[in-house]
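# Analysis of the macromolecular model
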Amino acid sequence: MRKMKVRSLLKISLLSAAFTLFSASHTFADSRILATGGASTIEGAAGGGIVPWAVLAGYGSGDEWGTAAFSTQLRIEDYSLDTVGAAVSYNNRIELSYARQNFDLGTLGDALGMPGHRFRQDVFGMKYRLAGDLIFNRMPQITLGLQHKKHLDFAVPTAVGALRDSDNEIYLSAAKLWLAGLFDRNVFLNVTGRYSRANQAGLLGFGGDLNDDKELLLEASTGLFLTRKLALGVEYREHAENLGFSAQDDWHDVFVGYFVNKHLSLVGAFADLGTVATLPDQKGWYMSFAFAY
């Protein structure tokens, strides 16, 4: 456990240092309001923990750049997921992102005679703001996103029925922030429709013996800002049933986000992932640290 914490801190430090060096030779700004860049998802894009939002990473606007680097840890009953990644945006119009996911099989790995075995997945993302504005227009901000996912350890997923080790997903997100909207507090809402055939967000591959067609899946996040820096909210992510090997339940979480300033945000959540790879009641804690410029 101590080594895991040291590795996580090292990853955060390296990502932060890289973005500091990058920002020294580029024009960055912080024109947007605090928290309007969101946090970082487990797939690298700007958003909540499990749902991409229509917002773009960082705080740049106009001809400005925005960036974010992050590290997340998810600890549930029988598994764990560690993710590091980064995103860059320009003109508050386009975002590019990358994430490396490491999924520890935990109890299942022990049962399979593979203690300490991990699945790795790379996620490359692109997001483009189509119309609207998060705050200043009546129309919500609408963003089109694309993710390419590549599973790097496919022996177990293919053995349980997954058909593909890589796939592309497309999604459309709409988000709105109402200033002084409820109890004189800022209120945020995001709805995302994702076209996908991923198993457990791709951690168990794509498609399966029950279904190999992509489906339109619903995802949503909403939050209430208790103060200018502190937000409380919930998220939901729908999943398809592709594998006869195991049920694939929808994901939920309750989160608290603290935006220390425009350079540092912390998100903690209680997550309920349901059944994951035959093991039910996978609940636990999620923590994310994000650095933005």
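Source: prediction; values computed, not measured. (Residues numbered from 1 in each chain as written. Predicted model: local features only at pLDDT ≥ 70, side-chain atom pairs only at ≥ 80, totals over all residues. Heavy atoms only, no water.)

## Some words on the layout of surface pockets
- What the largest pocket holds in volume is close to 300 Å³.
- Those elements that provide at least two residues to the lining of the largest pocket are strand E1 (39-40), strand E8 (166-182), strand E9 (185-196), strand E10 (215-225), strand E11 (230-237), strand E12 (251-259) and strand E14 (283-292).
- For the lining of the largest pocket, the element with the most residues is E12, which contributes three residues.
- Residue composition of the lining of the largest pocket, by class: 16 nonpolar, 10 polar and two charged. (1 Å grid on protein atoms, 1.4 Å probe; cavity = no way out; pocket = protein on both sides within 12 Å on 5 of 7 lines; lining within 4 Å. Points joined across faces, edges and corners; volume = space filled by probe spheres on them. Helix = DSSP H or I, 4+ residues; strand = E, 2+ residues; numbered from the N terminus. Nonpolar A, V, L, I, M, F, W, Y, C, P; charged D, E, K, R; others polar.)

## Some points on the nonpolar core
- Ranked by internal contacts, the top residues of the largest apolar core, which has 47 residues, are Leu74, Tyr79, Phe103, Leu134 and Leu273.
- Elements that contribute at least two residues to this core include exactly strand E3 (65-76), strand E4 (80-90), E8, E12, strand E13 (264-272) and E14. (Core = buried A, V, L, I, M, F, W, Y, C linked by side-chain atoms within 4.5 Å. Buried < 20%, exposed > 50% of the residue type's maximum accessible area, 1.4 Å probe, protein only.)

## Some remarks on the confidence of the model for the protein
- For the protein, per-residue confidence averages 89 on the pLDDT scale, and 89% of positions sit at 70 or higher.
- Long-range and interchain partners of residues 1-6, a stretch whose pLDDT sits below 50, account for three contacts in this model, where long-range means more than four residues apart. (pLDDT = per-residue confidence, 0-100. Contact = heavy atoms within 4.5 Å.)

## A closer look at the environment of Leu112
- Locating Leu112 in the fold gives a position in the loop between helix H2 (106-111) and strand E6 (118-131).
- Residues Leu112 and Val156 lie 44 residues apart in sequence; the distance between their C-alpha atoms is 9.8 Å.

## Some words on empty space enclosed by the protein
- Per the counting criterion, the structure on display carries four cavities of 30 Å³ or more.
- Approximately 150 Å³ is the volume found for the largest cavity.
- As for the largest cavity, its lining consists of 17 residues, and the residues nearest its centre are Ile42, Leu74, Leu81, Trp251 and Leu273.
- Only E3 and E12 provide two or more residues apiece to the lining of the largest cavity.
- When its residues are assigned to classes, the lining of the largest cavity shows 13 nonpolar, two polar and two charged.
- Space inside the second largest cavity adds up to approximately 120 Å³.

## Considering the sheet that holds E9
- Pairing is antiparallel around the closed barrel formed by 12 strands, whose spatial order is E3-E4-E5-E6-E7-E8-E9-E10-E11-E12-E13-E14. Averaged over all pairs of adjacent strands, the angle between strand axes in this sheet comes to 20 degrees, irrespective of strand direction.
- Here E3 runs beside E4; their pairing, made up of 11 bridges, is antiparallel. Along E4, the bridge assignment pairs Ala68 with Ala87. (Pairing = 2+ DSSP bridges. Axes fitted to C-alpha atoms, helices over the stretch in contact; angles between N-to-C directions.)

## Notes on the packing of aromatic side chains
- Scanning the entire structure with this criterion turns up seven aromatic pairs.
- Plain terms: the ring middles of Trp53 and Phe188 are 4.5 Å apart, the flat faces sit at 45 degrees to each other, and that makes the pair tilted. Placement of the pair is Trp53 in the loop between strand E2 (46-47) and E3 and Phe188 in strand E9, with a sequence separation of 135 residues. In this pair, the class of Trp53 matches that of Phe188, namely buried.
- Taken together, the aromatic side chains of Tyr79, Phe103 and Phe119 make up a single cluster linked through ring pairs. (Phe/Tyr/Trp six-rings, centres within 6.5 Å; stacked < 30°, edge-to-face > 60°.)

## Structural notes on the pattern of salt bridges
- Going through the model one piece at a time under the given rule, you end up with 17 salt bridges.
- Among the ionic pairs, Arg120 bridges to Asp153, the shortest N-O distance being 3.0 Å. Here Arg120 is found in strand E6, whereas its partner Asp153 is found in the loop between strand E7 (141-151) and helix H3 (155-159), with 33 residues between them in sequence.
- Residue classification places Asp153 among the buried positions, given a relative accessible area of 18%.
- Overlapping salt bridges bring together Glu43, Lys149, Glu169, Arg194, Glu219 and Arg237 as one network. (Salt bridge = Lys/Arg side-chain N within 4 Å of Asp/Glu carboxyl O.)

## Quick notes on a nonpolar patch on the surface
- A grouping of Tyr90, Ile94, Leu96, Met126, Tyr128, Leu130, Leu144, Leu146, Ile170, Leu172, Tyr195 and Leu216 is seen on the molecular surface, where their side chains present a nonpolar patch of about 1100 Å² in accessible area.
- Within the element layout of this structure, Leu96 appears in strand E5 (residues 94-104). (Patch = residues over 30% accessible without salt bridge, like charges linked within 9 Å, V, L, I, M, F, W, Y side chains within 5 Å. Areas by Shrake-Rupley, 256 points an atom, 1.4 Å probe, with all protein chains shown as cover.)

## Re the pairing of E8
- For E7 and E8, the ladder comprises 10 bridges, and the chain directions are antiparallel. Considered in E8, the bridge of Lys149 is made with Asp167.
- As defined by bridge partners, E8 adjoins E9 across 10 bridges and the pair is classed as antiparallel. Paired with Ser173 across the bridge in E9 is Thr192.
- Count of turn residues in the E8/E9 antiparallel hairpin: two residues, of which Phe183 carries a positive phi of about 50 degrees.

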